[in-house]
Number of protein chains: 2
Amino acid sequence: MPKKKLPEAAHAGSGATSYDVAELAGVSQSAVSRAFRKGASIAPKTREKIMRAAKQLGYQPNAFARGLITRRTNLVAVVISNLTNLYYPEVLAELTQRLSATGHRVLLFSLAAESEIDEMLGLIWPYRVDGAIIAARLKDEQIRQFHDRGIPIILYNRVGDAEPAASVACDSAAGMRELVKHLLAAGHRRFGIIAGPEDSYVGEERLDSARRHLAAAGIEAPLHRGRFDYRSGEEGLRALMEAAGGKLDAVIATNDAMAMGAIDCARGTYDLAIPEQLSIVGFDGVGPATWGGYQLTTIRQPVRRMAQAAVDMLIERIEQPGMIPEQRLFGGEFLPGRSARLG
Amino acid sequence: MPKKKLPEAAHAGSGATSYDVAELAGVSQSAVSRAFRKGASIAPKTREKIMRAAKQLGYQPNAFARGLITRRTNLVAVVISNLTNLYYPEVLAELTQRLSATGHRVLLFSLAAESEIDEMLGLIWPYRVDGAIIAARLKDEQIRQFHDRGIPIILYNRVGDAEPAASVACDSAAGMRELVKHLLAAGHRRFGIIAGPEDSYVGEERLDSARRHLAAAGIEAPLHRGRFDYRSGEEGLRALMEAAGGKLDAVIATNDAMAMGAIDCARGTYDLAIPEQLSIVGFDGVGPATWGGYQLTTIRQPVRRMAQAAVDMLIERIEQPGMIPEQRLFGGEFLPGRSARLG
DNA sequence: ATTCATGTTGCATCCGAAGTCAAGTGTGGC
DNA sequence: GCCACACTTGACTTCGGATGCAACATGAAT
């Protein structure tokens, strides 16, 4: 029984331990521990007495001591590659809400560059997280590391290449097909595409789908590579206009931020009326997409449902290890908006 | 020496402990511990041998065991009230970058409502965070709780009422004075104000400053209370237009999101040319504020410098407890933009 | 060769809560 | 009044790494 420091009774605060509470309540440390574990064998009266003492001392069980022995930390690592992107804050907000509601804490990691992932994993391991939700590109080798350590993960809008991993994603191909279908039906023929960097999984899926469905109609579209941000949308539109000699019917951007950049550039630099003279579509359905100035024609990802699913799947796998990796694909919602002339 | 399970050598992964590494390297557990503590008394050759064994087993020191004994968790709680706000993701991104760079992990808490703070504090205490950065409104009582537990905190764009607390903030009053000064100098006389909820500290500072400087010019402006989001900016403009019978020269919104909503509403609903027929200013300097469609006249908060300062101050206080609370005030940068007619 | 300082190493202990187990309490049935 | 049984309780050990301390090694100084 360590008791070097006087109890300094009633001084709520700093370092109250279960021993301090036990002493004040006149019980053993074990009793205090049991009082805080729901369903433990303890008399209601004793628990009450202990809780009173605990409140008086401002005692809260030390999660580190608890985690050490129970091997459950209640920590979930959330890895997000690019927080300044408009899309991820919405995801993060949902995830933290859902995780908090189920008694988990969020250990947040964000990356300045995808190459930092290995470093970052080294920062995760010591904390023995119960699980991880990852919205960044993981190599098979990295997925395997989680697997070897017995840490369940959910990939968010990503999938494992060869290594199987549970994932939640929005059906990019289907969404893009829908967009292209509408654009073709409305008579657009001269297309331009603004895509993201090649290392983005969903980005390439959207791009592939767009090209495939355009090709099916005998159309080939010039491509500009951007960075998924607003500025590269502006640059993209400029590049496409030059490449096409100004003869464009529609521009497909593989996310909303670039679409919005393209819209502003089309209006500001080329004085084009959107959608009368040029249709522009995006993908994601972020908040600003519905703003009056844009009213983007886009596919809205069901972020809430996706986040909910990610959390549910993760918790299942934490409670019951060894579940088979499962890919859950969500359909996006077509938002007609007003940035594209529709059939 | 616990050794129930065979070393299962070379199987990198799950539960390697310092004892496993010690055995493989042929040294004591203490040696392993020392190998991982920089500056510890250990021979370079021994360390190298240990590191090789550690790598082979995929060993990483258990942060929970370490935190238990050292009383340093390397965790920093970051509390953000409203993640879907455009401003906070930028702050969060900066904070996580800076904190990671200094060897700290971010334990993220976000609130759906300010009233949840008490609950949330109960979730923080068990993790014995080394410090906290808080962008939410704390009551004096809550600040005192951190203080009692010896956890340094930095308030971000907030200040303690009576209880002193270290803080980092952007000078709202000065920024707003600048905006009003420019608007007055350009001849605007009929003003409207769109403010946030009354429970926002910086919001009220901006509002007070605006009113005070307008009053000094003999001007009183109608007020609409919004929620700091885009939609309430639209609502605000509509309300002000009705209240003023359409006779407005300038609208001051106390943040950018509302200003952008107001701009789109002015253009879309009232067909007004911005800034020729109506000037609209915001506050914050978020990313979208500089987008072509808005080019907001606003005050840009030096987010990077503020985040850097918050992290620096926090770490100082972690390393050296008992420092005097210090308020650091940053000046914003006036962005002329094109949403206001300037003198 | 002896002494001493400096540098390394292992042993034992500690951090704080949780769980095992055996002892203790109380109740009801007989 | 005695016994069986369910319920409570406390002593002790455990989780995994850090650290004070004493033991030991090495080389330099004498």
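The model shown is predicted, which means the values in this text are computed figures rather than measured ones. All residue numbers refer to positions counted from 1 along the written sequence of the respective chain. Following the order in which they are written, the chains are lettered starting with A and the ligands numbered starting with 1. Per-residue local features of the predicted model are confined to residues with pLDDT of at least 70, and side-chain atom pairs are confined, for both listing and counting, to 80 or more; whole-chain, interface and lining totals are unaffected and use all residues.

S.K.: Which residues make up the overall build of chain A, and what values do they have?
M.R.: Looking only at helices and strands, one finds 12 helices and 12 strands in chain A. The atom set for the radius of gyration is the C-alpha atoms, and the globule formula is 2.2 Å times the number of residues raised to the power 0.38. At 26 Å, chain A has a C-alpha radius of gyration far larger than the 20 Å of a compact globule built from 343 residues. Partly exposed residues are those falling between the two cut-offs: more than 12 but fewer than 20 other C-beta atoms within 10 Å of their own, whereas 20 or more means buried and 12 or fewer means exposed, with C-beta atoms placed from the backbone. The 343 residues of chain A split such that 51% are buried. Contact between residues is assigned whenever the C-beta positions, reconstructed from backbone atoms, fall within 7 Å. Look at the contacts in chain A between residues 6 or more apart in sequence, and 68% of them connect residues 24 or more apart. Where helices and strands are cited, they refer to DSSP runs of H or I of at least four residues and of E of at least two residues respectively, numbered from the N terminus.

S.K.: So, the domain arrangement of chain A: which residues are in play, and what are the values?
M.R.: Where each domain starts and ends comes from a domain assignment, either automatic or drawn from a database. The domains assigned to chain A are domain 1 (18-61), domain 2 (73-170 + 303-333) and domain 3 (172-300). Here the C-alpha centre of domain 2 of chain A lies 36 Å away from the C-alpha centre of domain 1 of chain A.

S.K.: Tell me what's going on with the sheet that holds strand β8 (residues 250-253) of chain B, and back it up with residues and numbers.
M.R.: All names here are of chain B. Note: two strands are recorded as paired if DSSP finds a minimum of 2 bridges between them. Across the sheet, which stays open at both edges, the 4 strands sit in the order β7-β6-β8-β9 with parallel pairing between neighbours. Because the sheet does not close on itself, it has two edges, and the strands there are β7 (223-225) and β9 (279-281). Averaged over all adjacent pairs, the angle separating strand axes in this sheet is 15°, with direction ignored. Relative to β9, β8 runs parallel, the two being bridged by 3 bridges. Across the sheet, the residue bridging to Ala250 is Ser279, located in β9. Docked against the sheet, helix α9 (residues 201-216) engages β6 (191-195) and β8, running at close to 170° with respect to β6. Here an angle of 0 to 180 degrees is reported between the N-to-C directions of two axes, which are lines fitted to C-alpha atoms, with helices fitted over the stretch in contact.

S.K.: How would you summarise the protein's contact with DNA strand D if you had to cite specific residues and measurements?
M.R.: All residues are tested the same way: a C-beta atom is placed from the backbone, and lying within 6 Å of a molecule or strand makes the residue near it. Residues in contact with DNA strand D amount to 29 residues; listed here are only the nearest, Ser28 of chain A together with Thr17, Ser18, Ser33 and Ala65 of chain B. Looking at the surface near DNA strand D, the elements with two or more residues in it are α2 (29-36) and α4 (63-70) of chain A together with α1 (18-25), α2 (29-36) and α4 (63-70) of chain B. Residues belonging to the surface near DNA strand D are distributed by class as follows: 13 nonpolar, 13 polar and 3 charged. In this classification, Asp, Glu, Lys and Arg are treated as charged, Ala, Val, Leu, Ile, Met, Phe, Trp, Tyr, Cys and Pro as nonpolar, and every other residue, Gly included, as polar.

S.K.: Residue-level account of the sheet that holds strand β11 (residues 327-330) of chain A, with values.
M.R.: Pairing within the open sheet is mixed, and its 12 strands lie in the order β11(A)-β5(A)-β4(A)-β3(A)-β1(A)-β2(A)-β2(B)-β1(B)-β3(B)-β4(B)-β5(B)-β11(B). Sheet topology places β11 of chain A together with β11 (327-330) of chain B at the edges, where each strand pairs with a single neighbour. Taking each pair of neighbouring strands and ignoring which way they run, the sheet shows an average axis angle of 20°.

S.K.: Describe the protein's contact with DNA strand C, and please don't skip the residues or the numbers.
M.R.: What surrounds DNA strand C is a group of 27 residues, the closest being Thr17, Ser18, Ser33 and Ala65 of chain A together with Ser30 of chain B. Mapped by element, the contributors of at least two residues to the surface near DNA strand C are α1 (18-25), α2 and α4 of chain A together with α2 and α4 of chain B. The greatest single-element share of the surface near DNA strand C, amounting to 5 residues, is contributed by α4 of chain A.

S.K.: Explain the relation of the copies chain A and chain B to me, using residue names and the numbers behind them.
M.R.: To superpose the copies, least squares is applied to the C-alpha atoms of every residue with a pLDDT of at least 70 in both. Least-squares fitting of chain A to chain B yields an RMSD of 0.1 Å, with the superposition described by an axial translation of 0.0 Å and a rotation of 180°. Here the transformation between the copies is reduced to the relation of a two-fold axis. The overlap is high: 100% of the interface residues of chain A also sit at the interface in chain B, so the same surface is used on both sides.

S.K.: Describe the interface of chain A and chain B, with residues and values.
M.R.: Each partner contributes to the interface: chain A provides 43 residues, whereas chain B provides 43 residues. Broken down by secondary-structure element, the contributors of at least two residues to the side of chain A that touches chain B are α4, α5 (87-101), β2 (105-110) and α11 (256-268) of chain A. Counting residues per element, the side of chain A that touches chain B draws most heavily on α5 of chain A, which supplies 6 residues. Of the residues that constitute the side of chain A that touches chain B, the class distribution is 23 nonpolar, 14 polar and 6 charged. Sheet topology places β2 of chain A next to strand β2 (residues 105-110) of chain B; 3 bridges connect them, and they run antiparallel.

S.K.: Which residues make up the packing of helix α8 (residues 172-185) of chain A against helix α9 (residues 201-215) of chain A, and what values go with them?
M.R.: When two helices pack together, their arrangement is given by the angle between their axes and by how far apart the axes lie. All names here are of chain A. With their axes 8 Å apart at the nearest point, α8 and α9 run at an angle of 40° to one another. Judged on the interaxial angle alone, α9 and α8 are oblique. The element α8 and its partner α9 pack so that their crossing is right-handed. The residues of α9 that touch α8, namely those facing Ser172, Ala173, Met176, Arg177 and Val180, are Val202, Glu205, Arg206, Ser209, Ala210, His213 and Leu214. Its residues placed into classes, the contact of α8 with α9 shows 6 nonpolar, 3 polar and 3 charged. Angle categories are assigned with fixed cut-offs, so that under 35 degrees is roughly parallel, over 145 is roughly antiparallel, 65 to 115 is roughly perpendicular, and the rest are oblique. Two helices crossing with the near one rotated counterclockwise from the far one by less than a right angle form a left-handed crossing, whereas a clockwise rotation gives a right-handed crossing.

S.K.: Lay out helix α11 (residues 256-268) of chain B with the relevant residues and their values.
M.R.: All names here are of chain B. Taking 1.5 Å per residue as the helical rise, α11 with its 13 residues ought to reach 18 Å, and the 18 Å between its terminal C-alpha atoms agrees with that figure. With respect to burial, α11 is a largely interior element, 11 of its 13 residues being buried. Those residues of α11 that sit buried are Asp256, Ala257, Met258, Ala259, Met260, Gly261, Ala262, Ile263, Asp264, Cys265 and Ala266. On its buried face, α11 sits against β6, α10 (230-243), β8, β9 and β10 (298-300). The span you would expect from a helix comes to 1.5 Å times its residue count less one.

S.K.: Before we move on, can you summarise the environment of Asp256 of chain B with the specific residues and values?
M.R.: Residues and elements named next belong to chain B. As for its placement among the helices and strands, Asp256 is situated in helix α11. In this structure Asp256 comes out as buried when scored by C-beta crowding, with 29 C-beta atoms within 10 Å. Separated by 170 residues in the primary sequence, Asp256 and Leu86 have C-alpha atoms spaced 8.7 Å apart. When near neighbours in sequence (up to four residues on either side) are disregarded, Asp256 contacts Leu86, Gly282, Phe283, Asp284, Gly285, Val286, Ala289, Leu296 and Thr298.

S.K.: Summarise the pairing of β8 of chain B; cite the residues concerned and give the values.
M.R.: Side-chain positions along a regular strand alternate between the two faces of the sheet. Residue and element names in this part refer to chain B. On β8, burial covers both faces: Ala250 and Ile252 on one face and Val251 and Ala253 on the other are all buried. In terms of strand pairing, β6 meets β8 through 4 bridges, oriented parallel. If you follow Ile194 over to β8, its bridge partner there is Ala253. Orient the strands so they point away from the viewer; a crossover is then right-handed if the path from the first strand over the helix to the second runs clockwise. This β-α-β element, β8 to α11 to β9, shows right-handed connectivity.

S.K.: Can you lay out the confidence of the model for chain A for me, pointing to particular residues and giving the numbers?
M.R.: The pLDDT averaged across chain A works out to 92; a share of 96% of its residues lies at or above 70. One number per residue, pLDDT, summarises how confident the predictor is, and it ranges from 0 to 100. Every residue in residues 1-13 of chain A scores below 50 in pLDDT, and together they form 14 contacts with partners more than four places removed in sequence or on other chains.

S.K.: Let's hear about unusual backbone geometry: which residues, and what values?
M.R.: A cis amide bond, omega 5°, links Ile274 of chain A with the succeeding residue Pro275 of chain A. Secondary-structure assignment places Pro275 of chain A in the loop between α11 and β9 (279-281). Here the phi dihedral of Arg128 of chain B falls at roughly 45°; this positive angle occurs in a residue that is not glycine. Mapping Arg128 of chain B onto the fold places it in the loop between α6 (117-124) and β3 (131-135). Of note in the backbone geometry, Asn157 of chain B takes a positive phi value of approximately 55° without being a glycine. Position of Asn157 of chain B among the secondary structure elements: in the loop between β4 (153-156) and β5 (167-170). Judged by the 24 C-beta atoms lying within 10 Å of it, Asn157 of chain B falls in the buried class.

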